[in-house]
Amino acid sequence: MNNYRESLLRAFTKYVDQQNLEKLSRIKNTDLLKWLLEVAEITNPSRMFVVTDSEEDLEYIRRRAIENREELPSSYNPRHTVHFDGIRDLARDRENTRILVPPGVKIPMVNTKEKSEGVREVMEFFKGIMTGREMYIGLYCFGPKDSPFSLYGVEVTDSAYVIHSSNILHRICYDVFTTREDIEYMRFLHSTGPRDENGWSRDVSKRRIYIDTSDRVVYSVNTQYAGNTVGLKKLALRICVDKGYKENWLCEHMFITGIKGPGDRITYFTGAFPAGCGKTSTALISDTIVGDDLAIIRNYNGKPHGINPEIGMFGIIDGVNPVDDPEIYEILTSRETEVIFANVLLTEDGEVWWNGKSTPPRPGINYAGKWWPGKKDEQGREIPPSHPNARFTTSIYYLKRVDPKINDPYGVQVKGMIFGGRDPNTWVPVEEAFDWEHGIVTKGASLESEKTAATLGAVGVMEFNPFAILDFLSISPGAFIELHFRFGETLDEKPRIFSVNYFLRDEKGKYLTEKVDKKVWLKWMELRVNNDVDAIETPTGYIPIYTDLVKLFERELNKEFSEQLYEKLFTIRIENLITKYERIWKIYAEQVPDTPKKFFDILLEQKRRLEEARYKYGSHVSPFKLDRK
């Protein structure tokens, strides 16, 4: 075995200098070295660089990203750089992101491709693709170091931007790989492919993101957008979901935050929201933040405990402004922070500009190339200076309220789960499910969000997105529901489940609540989880008592809360709810054949309660007509 390992290391001398050969030689897992050598022989890089957490290595990657013109520096802060993905590579590629499966296997609502065909296709693209380029190797933890909850990952790429992003977003764990031989890890192989004169991936028609959950390897090629390329972000989420399904724990598209209760008690919640529904703003308005995007939840002594796999934020920057988002805005405009901006405007004098800045945009470079006010595309449409999906990548540690338990190997106990969507006329602002299984079915698995007129069609049409994770599932929604049922059975103490909706409108289309009101809903949920307040029982769950909300609005926001507004917000809209759950039933019955029978039993009981309430009260039920519980 030693002779075999020595022969592997000798073969690396074609690609590495002495310093990087020594870094490789300290990696304990021989199978990993074998795979890295195979990748090098296929892709043919001119050299290889192994990233450790030394400041020298981190600085080298920052410098290479600029030398490769993958990132352009800001004149305002040398640690602020701007990356452009290219006009045809500005978002996740749903069509060409595929789960690799055995022949004949289909997964409901998940894009799949036959494994042998997919691997054969993508490996043809990788042949010689790194000729004349440097290969970067990063070794990361997907969670706190030495946590029994954490996973591990190896990122291999020819993009300094991708490895730079990974260094910010994830814990560098080279030292773990040098001390443990038996480590289990995910593998991520990426190449930008040929790049054009702008530095953008040229062959986007050959863009492929193939995920092999059985071998825990991801292939990503001919793309630069971080959602397609940064392995331990949403690509790892698919592998994590599959692994959790097989081992009976949860990998979720959820934040983890702490809410303060009486006596400075901290209660931890997770939350899943589709894009544009308040996920980030909810996390940032919380009292402490463990994570803003992903969560691994496992059974620890009979209780669900959650960890954040990441230590960075990859957020949408469009609209971030000093009034609504003061903390993020301060981080993004500080002279002390490290931030990678993507697909914003970099003005000629080196200022980073996005929609949300108070000053008007000036000529410069953006995601479409050279930009000036009034510039139009080939169809005559004006090109905005900063793309709607423009992003920022930065460290979560810059947030003032980062929870001290963010690196606790056993995470935090999750006492509540929140599911939120953009819903103009059905869900009340906050409601607690009757129990774990009822919440999984009627809150998580039934999650929908309103389409917007600008991007997805007519306002009011609801888009199905169970658990806010549909785009990132590697198993069917039915299997994901079954996993939650099964996981709940292992727990002595199950989380309470809530729905929230910040987007209820009146008859004139005006929102009934303000952005800051979500703080009250969070505080009420904290009190409910700890049995400090009673509630009103509705056909679909438990809602707040008016007098409790009056106290919370006064204490938290110094606002009055009228009976009239309370009644508008918490009226149970029977017809809309029946229509919603009939729509959900149809989706699962027609498209998800492995949906558990228990799901339909719970949904049927929900509909029966709604029909009884309609018979007793009519189509709209005032909360004042219902009983306290």
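Residues numbered from 1 in each chain as written. Predicted model: local features only at pLDDT ≥ 70, side-chain atom pairs only at ≥ 80, totals over all residues. Heavy atoms only, no water.

Attention now moves to the packing of helix 13 (residues 477-489) against helix 18 (residues 597-617). Two numbers describe a pair of packed helices, the interaxial angle and the distance between the axes. Orientation of helix 13 relative to helix 18, taken along the N-to-C sense of each, is 90°, at an axis distance of 9 Å. Taken together, the axes of helix 13 and helix 18 lie roughly perpendicular to each other. Of helix 18, the residues touching helix 13 (which contributes Ile481, Phe485 and Glu489) are Lys598, Phe599 and Ile602. Taken together, the residues that form the contact of helix 13 with helix 18 break down as four nonpolar, no polar and two charged. (Axes fitted to C-alpha atoms, helices over the stretch in contact; angles between N-to-C directions. Helix = DSSP H or I, 4+ residues; strand = E, 2+ residues; numbered from the N terminus. Parallel < 35°, antiparallel > 145°, perpendicular 65-115°, else oblique. Contact = heavy atoms within 4.5 Å. Nonpolar A, V, L, I, M, F, W, Y, C, P; charged D, E, K, R; others polar.)

Looking now at the nonpolar core. Side chains that are nonpolar tend, in soluble globular proteins, to be buried together. Counting 124 residues, the largest nonpolar core has Trp521, Met525 and Leu549 as the members making the most contacts within it. Among the nonpolar cores identified, the runner-up in size contains 41 residues, and Leu37, Leu100, Met130 and Val217 belong to it. (Core = buried A, V, L, I, M, F, W, Y, C linked by side-chain atoms within 4.5 Å. Buried < 20%, exposed > 50% of the residue type's maximum accessible area, 1.4 Å probe, protein only.)

What follows covers empty space enclosed by the protein. This structure, assessed with the given rule, holds three cavities of 30 Å³ or more. Residues belonging to the lining of the largest cavity are distributed by class as follows: four nonpolar, three polar and two charged. (1 Å grid on protein atoms, 1.4 Å probe; cavity = no way out; pocket = protein on both sides within 12 Å on 5 of 7 lines; lining within 4 Å. Points joined across faces, edges and corners; volume = space filled by probe spheres on them.)

Here Val241 shows up in helix 9 (residues 231-247). For the pair Val241 and Ser116, spaced 125 residues apart in sequence, the C-alpha to C-alpha distance is 22 Å. When neighbours within four sequence positions are excluded, Val241 is seen to be in contact with Cys251, Ile469, Phe472, Leu473, Ser474, Ile475 and Phe480.

The next point concerns the state of the cysteines. Per the stated rule, a full pass over the model turns up two disulfides. Note that Cys141 is cross-linked by a disulfide to Cys173, the S-S spacing being 1.8 Å. Its S-S torsion of about -110° marks the bond between Cys141 and Cys173 as left-handed, since a negative value means left-handed. Of the two residues, Cys141 is situated in strand 6 (residues 134-142) and Cys173 in the loop between strand 8 (171-172) and helix 7 (174-177); the sequence distance between them amounts to 32 residues. Here Cys141 falls in the buried class, since its relative accessible area comes to 0%. Sulfur-sulfur distance for the disulfide between Cys240 and Cys251 comes to 2.1 Å. Between Cys240 and Cys251, the S-S torsion sits near 105°, and that sign places the bridge as right-handed. Note that Cys240 is positioned in helix 9 and Cys251 in strand 12 (residues 250-252), a separation of eleven residues in sequence. A residue is classified by how much of its surface remains accessible, and Cys240, at 0% relative accessible area, is buried. By relative accessible area, Cys251 is classed as buried at 2%. Across the chain, the way the bonded cysteines pair up, counted in sequence order, is 1-2, 3-4. (Disulfide = S-S within 2.5 Å.)

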